[in-house]
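Residue strings, one per chain:
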Amino acid sequence: MDEQVNRPAGSGWSLGHIVYVLLRHRRALLVGLLVGLAGVAAVFFITPTVYRSEGKLLVRYITDTTVMDPVATGGRIISPDRYGDNIINSEIEIFSSRDLVEQIVDEIGLAKFSEKGTNPVQRFEALLMVARNLHVEVPKRSNVIRVYYDAPNPVLAQTVLSTMISHYLKKHVEIHRAAGAYDFLSQQTDQ
């Protein structure tokens, strides 16, 4: 025959049971808490502080239209895809190109990349530092490029990013300028 056990409703883990278990294992809980706090403190004091400078750039899908004659431009017509992904990807490649990174390192100078009390940074190390700490992101279906740079001090982060953006804008104009546009205008002026 089956025995039926009558339990009162709500029996199980009560507040008293929980307090009893916590008090019974208080040493293990205290040791775990102290080890966790020591780990957090060690990570906080050991890892270096990283400063981030961030910028956003709007990329328009407009080409240089200073030339009136299609013969001078070589019939160059740009037709972006539906969301402009090809154009945005091209701009990202321009932004993260090695020659742009070299221009930045040369303009800022190697001394700015060295930390106090360490050996001076070589040019190749500075190039690697800039390339590794430069991050370029684009949200989906957007024509805004988000750029940020991480550095061990805030002045270097701001300097590298502002220099990078100014050099990028020059490079952007240089690349997208219609070939022969100014030659055509000078010929028309001479005539």
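Anything mentioned here points back to the structure above.
Computed from a prediction, not measured in an experiment: that's the story for all the values here. (Residues numbered from 1 in each chain as written. Predicted model: local features only at pLDDT ≥ 70, side-chain atom pairs only at ≥ 80, totals over all residues. Heavy atoms only, no water.)

A. Representation of the overall build of the chain within the structure. Of regular secondary structure, the chain possesses 7 helices and 3 strands. Secondary structure elements in the chain, listed N-terminal to C-terminal, are α-α-β-α-α-α-β-β-α-α. Per-residue burial over the chain gives 24% buried out of 191 residues. Accessible area of the chain: about 14,400 Å², with a carbon and sulfur share of 57%. (Helix = DSSP H or I, 4+ residues; strand = E, 2+ residues; numbered from the N terminus. Buried < 20%, exposed > 50% of the residue type's maximum accessible area, 1.4 Å probe, protein only. Areas by Shrake-Rupley, 256 points an atom, 1.4 Å probe, with all protein chains shown as cover.)

B. Quick peek at the sheet that holds strand β3 (residues 144-151). Read from one edge to the other, the open sheet built from 3 strands follows the order β1-β3-β2, with strand pairing classed as antiparallel. Looking at the sheet topology across the chains shown, the edges are occupied by β1 (51-58) and β2 (134-137). Shown here is a sheet whose adjacent strand axes are inclined to one another by a mean of 20°, direction ignored. The pairing of β2 with β3 spans 4 bridges and is classified as antiparallel. Looking at β3, one finds that Leu-134 is bridged to Tyr-149. Strand contacts of helix α5 (residues 123-133): β2 and β3, with the helix running at about 30° to β2, the strand carrying the most contacts. (Pairing = 2+ DSSP bridges. Axes fitted to C-alpha atoms, helices over the stretch in contact; angles between N-to-C directions. Contact = heavy atoms within 4.5 Å.)

C. The arrangement of the packing of aromatic side chains in detail. This model, assessed by the stated rule, comprises 2 aromatic pairs. The interplanar angle of 80° and the centroid separation of 5.0 Å between the aromatic rings of Phe-44 and Phe-45 together place this pair among those described as edge-to-face. Ring geometry for Phe-95 against Tyr-168: centres 4.8 Å apart, planes inclined by 40°, an arrangement best described as tilted. Residue Phe-95 is found in helix α3 (residues 85-95), and its partner Tyr-168 is found in helix α6 (residues 154-176); the two are separated by 73 residues along the sequence. The exposure class of Phe-95 is buried, given its relative accessible area of 0%. (Phe/Tyr/Trp six-rings, centres within 6.5 Å; stacked < 30°, edge-to-face > 60°.)

D. Molecular detail of a nonpolar patch on the surface. On the surface, a nonpolar cluster with roughly 640 Å² of combined accessible area is contributed by Trp-13, Ile-18, Tyr-20, Val-21, Leu-22 and Leu-29. At 4 residues, helix α1 (residues 15-24) tops the list of elements feeding residues into the nonpolar patch. Along the polypeptide, Trp-13 turns up in the segment before α1. (Patch = residues over 30% accessible without salt bridge, like charges linked within 9 Å, V, L, I, M, F, W, Y side chains within 5 Å. Salt bridge = Lys/Arg side-chain N within 4 Å of Asp/Glu carboxyl O.)

E. Focus on the side chain of Glu-91. Tracing the backbone through its elements, the reader meets Glu-91 in helix α3. For Glu-91, a relative accessible area of 1% puts it in the buried group.

F. Examining the pattern of salt bridges more closely. The final tally for this structure, using the stated rule, is 6 salt bridges. A salt bridge links Arg-146 to Glu-54; its shortest N-O distance comes to 2.8 Å. With a gap of 92 residues between them, Arg-146 in strand β3 and Glu-54 in strand β1 connect regions that are remote in the sequence. The class for Arg-146 is partly exposed, based on a relative accessible area of 22%. A salt bridge links Glu-102 to Arg-98, with the nearest nitrogen and oxygen atoms 2.9 Å apart. Separated by 4 residues within a single helix, Glu-102 and Arg-98 lie in helix α4 (residues 98-108), roughly one turn from each other. Overall, Glu-102 belongs to the partly exposed group, its relative accessible area being 23%.

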